[in-house]
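Letter by letter, the chains look like this.
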Amino acid sequence: MEIVIQADADEVGRVAASVIADVVARKPDGALGLATGSSPLKIYSELAARVAAGALDFSRMRGFALDEYVGLPFEHPESYHAVIDRTVTRPLGFDPRLVHVPDGMASDIAAACEAYEQAIVDAGGIDVQILGIGANGHIGFNEPTSSFASRTRIKTLTPKTRADNARFFASPEQVPTHCLTQGLGTIMCARRIVLVAQGEGKAEAVAAAVEGPVSASCPASILQHHEHATIVVDEAAASRLRNRDYYKYTYANKPDWQRY
Ligand code: F6R
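Residues numbered from 1 in each chain as written. Predicted model: local features only at pLDDT ≥ 70, side-chain atom pairs only at ≥ 80, totals over all residues. Heavy atoms only, no water.

## Quick notes on the overall build of the protein chain
Then, in step 1: The helix and strand tally for the protein chain stands at 8 helices and 10 strands.
Then, in step 2: For the protein chain, the C-alpha radius of gyration of 17 Å lies close to 18 Å, the compact-globule estimate for 260 residues.
Then, in step 3: Over its C-alpha atoms, taken along the principal directions, the protein chain stretches across nearly 55 × 40 × 35 Å.
Then, in step 4: Counting all 260 residues of the protein chain, 53% fall into the buried class.
Then, in step 5: Surface accessibility of the protein chain: about 11,200 Å² in total, with carbon and sulfur atoms responsible for 53%. (Helix = DSSP H or I, 4+ residues; strand = E, 2+ residues; numbered from the N terminus. Rg over C-alpha atoms; globule rule 2.2 N^0.38 Å. Buried < 20%, exposed > 50% of the residue type's maximum accessible area, 1.4 Å probe, protein only. Areas by Shrake-Rupley, 256 points an atom, 1.4 Å probe, with all protein chains shown as cover.)

See the structure below:
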């Protein structure tokens with residue numbers, strides 16, 4: 001695991017965007033795993049700026065969202081179909097036909113999840129997966145006690161996650177109770193992972209994921225077993241890490257050949 005501590009949320013977005021940009025430059029027809037929520041927004045705006053400047057091209061990239069609410073029509077502004085379209089597909093110039101989001105409106109949920117897994121396989125796997133982290137340590141919507149071997153499936157959101165996401169809806173009751181999410185096993189198959197976290201509210205989850213025991217109680221701790229996971233956090237989100245100084249020293253002395 002590489003831990004990169006940056007001064008603020010803008011720098012977190014810039015550093016994480018550089019990792020993504022490097023992958024896209026090397027493999028312009030690769031596959032990018034897409035998180036929603038607040039955490040990755042600065043990555044997307046930074047990448048959009050690089051696209052507008054002509055430095056980057058996503059038109060041949062495939063995109064795979066991590067998750068989707070169950071029972072929220074695609075046209076609902078907070079469905080992840082709509083959020084991905086608004087924050088990623090259009091600003092980054094993806095071909096909409098190459099962007100996939102799990103089908104939370106499917107009549108056969110199990111078949112939709114299986115089809116989603118197959119679409120990732122057919123795309124050749126995910127080259128780089130963007131992740132945020134929940135205050136309870138979830139990644140995707142793999143809530144605590146999710147199986148480390150899990151694949152895309154339906155999950156029940158915890159009351160805490162529903163409360164956290166209520167800010168996107170007119171009232172807390174409108175947050176769906178269920179979601180489809182890539183599993184922890186699916187996420188772990190990505191060749192590269194970039195997790196971003198900002199703010200004090202994420203500090204405990206970040207510390208548990210990075211320095212705690214690998215445990216299904218903190219789903220993000222499975223990333224300790226990934227061969228190429230980069231955790232980019234601001235000072236506030238890093239505030240509970242015991243080895244902060246070591247991570248800063250390592251990053252400051254990172255050789256150029258290893259930059260991304
Ligand atoms: C979103 C997702 C979630 C979020 C997490 C943090 O697709 O999979 O794991 O990354 O809930 O949400 P924010 O970024 O809104 O704090």
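## Topic: the environment of Tyr249
Then, in step 1: Mapped onto the fold, Tyr249 is located in helix 8 (residues 244-252).
Then, in step 2: On the basis of relative accessibility, which here comes to 56%, the residue Tyr249 falls in the exposed class.
Then, in step 3: As for Tyr249 and Ile222, which are separated by 27 residues in sequence, their C-alpha atoms are 24 Å apart.

## Considerations on the packing of helix 1 (residues 9-26) against helix 2 (residues 41-52)
Then, in step 1: Between helix 1 and helix 2, whose axes approach to 8 Å, the crossing angle comes to 60°. By the angle between their directions, the pair helix 1 and helix 2 is classed as oblique. Handedness of the crossing formed by helix 1 with helix 2: right-handed. Touching Ala9, Asp10, Gly13, Arg14, Ala16, Ala17, Ser18, Ile20 and Ala21 of helix 1 are Lys42, Ile43, Glu46, Leu47 and Arg50, all from helix 2. (Axes fitted to C-alpha atoms, helices over the stretch in contact; angles between N-to-C directions. Parallel < 35°, antiparallel > 145°, perpendicular 65-115°, else oblique. Left-handed = near helix turned anticlockwise from the far one by under 90°. Contact = heavy atoms within 4.5 Å.)

## Focus: the sheet that holds strand 10 (residues 229-234)
Then, in step 1: The strand order 1-10-9-6-2-3-5 describes an open sheet built from 7 strands, whose pairing is parallel. Edge positions in the sheet fall to strand 1 (2-6) and strand 5 (99-100), since each of these pairs with one other strand and no more.
Then, in step 2: The pairing of strand 9 (residues 193-197) with strand 10 spans 5 bridges and is parallel. Looking across to strand 10, one finds that Ala197 is bridged to Val233.
Then, in step 3: Here helix 4 (residues 109-122) sits on the sheet and contacts strand 3 (62-65) and strand 5; the angle it forms with strand 3, its principal contact strand, is near 150°. (Pairing = 2+ DSSP bridges.)

## Overview of the environment of Thr250
Then, in step 1: By the secondary structure assignment, Thr250 is in helix 8.
Then, in step 2: The exposure class assigned to Thr250 is partly exposed, which follows from its relative accessible area of 37%.
Then, in step 3: When the C-alpha atoms of Thr250 and Val4 are compared, they prove to be 8.8 Å apart, with 246 residues separating the residues in sequence.

## A closer look at the packing of helix 2 against helix 3 (residues 80-92)
Then, in step 1: At a minimum axis distance of 9 Å, the contact between helix 2 and helix 3 shows a crossing angle of 15°. Comparing the axis directions of helix 2 and helix 3 gives the class roughly parallel. In this structure, helix 2 meets helix 3 at a crossing whose hand is left-handed. Residue-level inspection shows Leu41, Tyr44, Leu47, Ala48 and Val51 of helix 2 in contact with helix 3, the latter providing Thr87, Val88, Pro91 and Leu92.

## Side note on the pairing of strand 1
Then, in step 1: Among the 5 residues of strand 1, 5 are classified as buried, and the element is accordingly described as predominantly covered.
Then, in step 2: Residues Glu2, Val4 and Gln6 point to one face of strand 1 and Ile3 and Ile5 to the other, with burial holding for every one of them.
Then, in step 3: Examined bridge by bridge, strand 1 and strand 10 share 5 bridges and lie parallel to one another. From the neighbouring strand, Ile3 faces strand 10, where its bridge partner is Ile231.

## Concerning the nonpolar core
Buried together is how nonpolar side chains tend to be arranged in soluble globular proteins.
Then, in step 1: Counting 77 residues, the largest nonpolar core has Ile20, Leu32, Leu47, Phe58 and Ile139 as its most contacted members.
Then, in step 2: Per-element accounting of this core gives the leading share, 9 residues, to helix 1.
Then, in step 3: The residues contacting Ile20, other than those within four sequence positions of it, are Leu32, Ile43, Leu47, Val128, Ile130 and Val194. (Core = buried A, V, L, I, M, F, W, Y, C linked by side-chain atoms within 4.5 Å.)

## Brief notes about the site of the ligand
Then, in step 1: Near the ligand there are 14 residues, and of these Ser39, Asp67, His138, Gly140 and Lys202 occur at the shortest range.
Then, in step 2: In the environment of the ligand, an oxygen atom lies 2.7 Å from a nitrogen or oxygen atom belonging to the side chain of Thr36.
Then, in step 3: Here an oxygen atom of the ligand sits 2.8 Å away from a polar atom, N or O, in the side chain of Arg167.
Then, in step 4: Against a free-state accessible area of 400 Å², the protein chains account for coverage of 94% of the ligand.
Then, in step 5: Classifying every residue of the shell around the ligand by side-chain character gives 3 nonpolar, 8 polar and 3 charged. (Near = heavy atom within 4 Å. Polar contact = N/O pair within 3.5 Å; in protein donor to acceptor, adjacent residues only side chain to side chain. Nonpolar A, V, L, I, M, F, W, Y, C, P; charged D, E, K, R; others polar.)

## Regarding unusual backbone geometry
Most peptide bonds are trans, and most residues other than glycine sit at a negative phi.
Then, in step 1: Positive phi, close to 80°, is recorded for Thr145, a residue that is not glycine.
Then, in step 2: You can see Thr145 is positioned in the loop between strand 6 (128-131) and strand 7 (153-156).
Then, in step 3: Accessibility expressed as a relative area gives 64% for Thr145, which makes it exposed.

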